[in-house]
Amino acid sequence: MSHIAIMTDSNCGIMPEEGKAFGIRILPMPVLIDGKTYYEGHDITSERFYQKLAEGSSITTSQPSPADVMNMWKQLLKEYDEVVHIPMSSGLSNSCQTALVLSEEPDFKNKVHVIDNRRISVTQAQSVLDAQFLAKQGYSGAEIKKILEEEALDSTIYIAVDTLEYLKKGGRITSAAAAIGTVLNLKPVLTIQGDKLDAYTKTRGMKAAFKAMCKALDKDLHTKFFDLYKNGLLKAGIANTEMDSETLDFFKNEMKKHFPDLELIHLPLTMSIGCHIGPGGLGVGLFRCHEK
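Asks: What is the right way to read the side chain of Asn 117 from this model?
Replies: By secondary structure assignment, the location of Asn 117 is in the loop between strand S7 (112-114) and helix H5 (121-136). If sequence neighbours within four positions are ignored, Asn 117 has contacts with Ile 86, Ser 127, Leu 148, Glu 149 and Ala 152.

Structure representation (structure tokens):
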């Protein structure tokens, strides 16, 4: 039996209650709505979040407080010898760097291992499951950290944005560009290749965006991930912001057709992404896994 606790945050797409079924502790991410703080998967549902977003509420996200992080570590260290903590990518939030600094405190040094393996959503969830698998194989917290950080770039994500409204609100595009894009039905495709969110391409319509993302994944599969694919160490993922079930089922089925040899994992896109891209967003990805 492992004496290592595995911990992450709700940016992985697994909510705190769901984490219990996996034997994983989930730190809920704070969401500020009209000045009031809620915690993802704890006192605000996805439905309520998107309702507030549609109503035009002021919504921002932030990193967990140092007190919340350390309190969870202290609780876990009462039951376990070590804690492996995998926050969302350091390129997308300061929460990882904050946790790294806190882990050097005397109470946690050499007991809490904060891993930056540059992931979010389904890819982050897989890292957590990999950490759990490695712990059960007898690896120490320091060894798990070394392995997962060395494999940090063994993942790729593409995200299609259905509405330009929230990119405009966040200052990522101008009002004029948003207006033109809406008239032309342009759907930006973004990519996460480890450190940050970047523009990838633009298409007309979500189905065209989905085809472009699958084409990009197919290229990644047959180039930088081909050895992992041949060795059965690759999975596919799909994630979404608020979307009707029929549309989501269509995209999931199409992913299975495109990549029939890969296990497909589905999780919701976190509210930290949802507040920036709005409803109707779709993410797809490929990522290394340890357990075949």
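Asks: How do you make sense of the state of the cysteines when you look at a structure like this?
Replies: Linking two cysteines covalently via their sulfur atoms produces the bond known as a disulfide. A full pass over the atoms with the stated rule returns 0 disulfides. Cys 214 carries a free sulfur, and the closest cysteine sulfur to it, the one in Cys 289, is 19 Å from it.

Asks: Would you mind going over the packing of aromatic side chains with me for this structure?
Replies: Aromatic rings in a pair are described by how distant their centres are and how their planes are angled relative to each other. Tallied over the full model, the rule gives 6 aromatic pairs. When the centroid spacing of 4.9 Å and the interplanar angle of 80° are considered together, the rings of Phe 49 and Tyr 50 count as edge-to-face. By relative accessible area, which is 5% here, Tyr 50 ends up buried. An angle of 45° between the planes, with centres 5.0 Å apart, marks the rings of Phe 210 and Phe 251 as tilted. Separated by 41 residues along the polypeptide, Phe 210 in helix H9 (residues 206-221) and Phe 251 in helix H11 (residues 245-258) bring together distant segments of the chain. Comparing Phe 210 with Phe 251 shows no difference in burial state: the two are buried. Grouped by ring-pair contacts, the aromatic residues Phe 210, Phe 250 and Phe 251 constitute a single cluster.

Asks: Help me understand the pairing of strand S9 (residues 186-192), please; the structure alone is not making it clear to me.
Replies: In regular strands, side chains alternate between the two faces of the sheet. Burial runs high along S9: 6 of the 7 residues are buried. Here strand S8 (residues 155-160) runs beside S9; their pairing, made up of 4 bridges, is antiparallel. The residue bridging Ile 157 from the neighbouring strand is Ile 192, located in S9. As paired elements, S9 and strand S10 (residues 197-204) share 7 bridges and run antiparallel to each other. The residue of S10 that forms the bridge with Val 189 is Thr 201.

Asks: Where do I start with the sheet that holds strand S1 (residues 4-9) in this structure?
Replies: Within a sheet, adjacent strands bond to each other through the backbone by hydrogen bonds, running parallel or antiparallel. Read across the sheet, 4 strands follow the order S2-S1-S6-S7 without closing on themselves; strand pairing throughout is parallel. Looking along the sheet, the strands with just one partner apiece sit at the ends: strand S2 (25-27) and S7. This sheet shows a mean twist of 25° between the axes of neighbouring strands, independent of strand direction. With 5 bridges connecting them, S1 and strand S6 (residues 82-86) associate as parallel partners. Counted as the bridge partner of Ala 5 is Val 83 from S6.

Asks: I tried to follow the packing of H5 against helix H6 (residues 141-150) on my own but got confused; where do I start?
Replies: The packing of two helices is summarised by the inter-axis angle and the distance between the axes. Interhelical geometry of H5 versus H6 gives an angle of 140° and a closest axis separation of 10 Å. The orientation of H5 relative to H6 falls into the category oblique. For the pair H5 and H6, the crossing hand works out as right-handed. Mapping the contact onto sequence places Ser 127, Asp 130, Ala 131, Leu 134 and Ala 135 in H5 and Ile 144, Ile 147 and Leu 148 in H6. Its residues placed into classes, the contact of H5 with H6 shows 6 nonpolar, 1 polar and 1 charged.

Asks: Is there a simple way to explain the environment of Glu 17 in this structure?
Replies: Structurally, the position occupied by Glu 17 is in helix H1 (residues 16-22). Each C-alpha atom of the pair Glu 17 and Glu 263 lies 24 Å from the other, and the pair is 246 residues apart in sequence.

Asks: Looking at this model, I keep getting lost on the sheet that holds S9. Mind explaining?
Replies: The 6 strands are arranged S10-S9-S8-S13-S11-S12 in an open sheet whose pairing can be described as mixed. The open sheet has two edge strands with one neighbour each: S10 and strand S12 (264-268). Geometrically, the sheet is characterised by an average inter-axis angle of 20° between neighbouring strands, direction not taken into account. Sheet analysis places strand S11 (residues 234-240) next to S12, joined by 5 bridges and oriented parallel. Residue Ile 238 lies in a different strand from S12, and its bridge partner there is His 266.

Reading the values: the criteria
Residues numbered from 1 in each chain as written. Predicted model: local features only at pLDDT ≥ 70, side-chain atom pairs only at ≥ 80, totals over all residues. Heavy atoms only, no water. Helix = DSSP H or I, 4+ residues; strand = E, 2+ residues; numbered from the N terminus. Contact = heavy atoms within 4.5 Å. Disulfide = S-S within 2.5 Å. Phe/Tyr/Trp six-rings, centres within 6.5 Å; stacked < 30°, edge-to-face > 60°. Buried < 20%, exposed > 50% of the residue type's maximum accessible area, 1.4 Å probe, protein only. Pairing = 2+ DSSP bridges. Axes fitted to C-alpha atoms, helices over the stretch in contact; angles between N-to-C directions. Parallel < 35°, antiparallel > 145°, perpendicular 65-115°, else oblique. Left-handed = near helix turned anticlockwise from the far one by under 90°. Nonpolar A, V, L, I, M, F, W, Y, C, P; charged D, E, K, R; others polar.

Bear in mind that shape data such as this cannot, by itself, settle questions of function.
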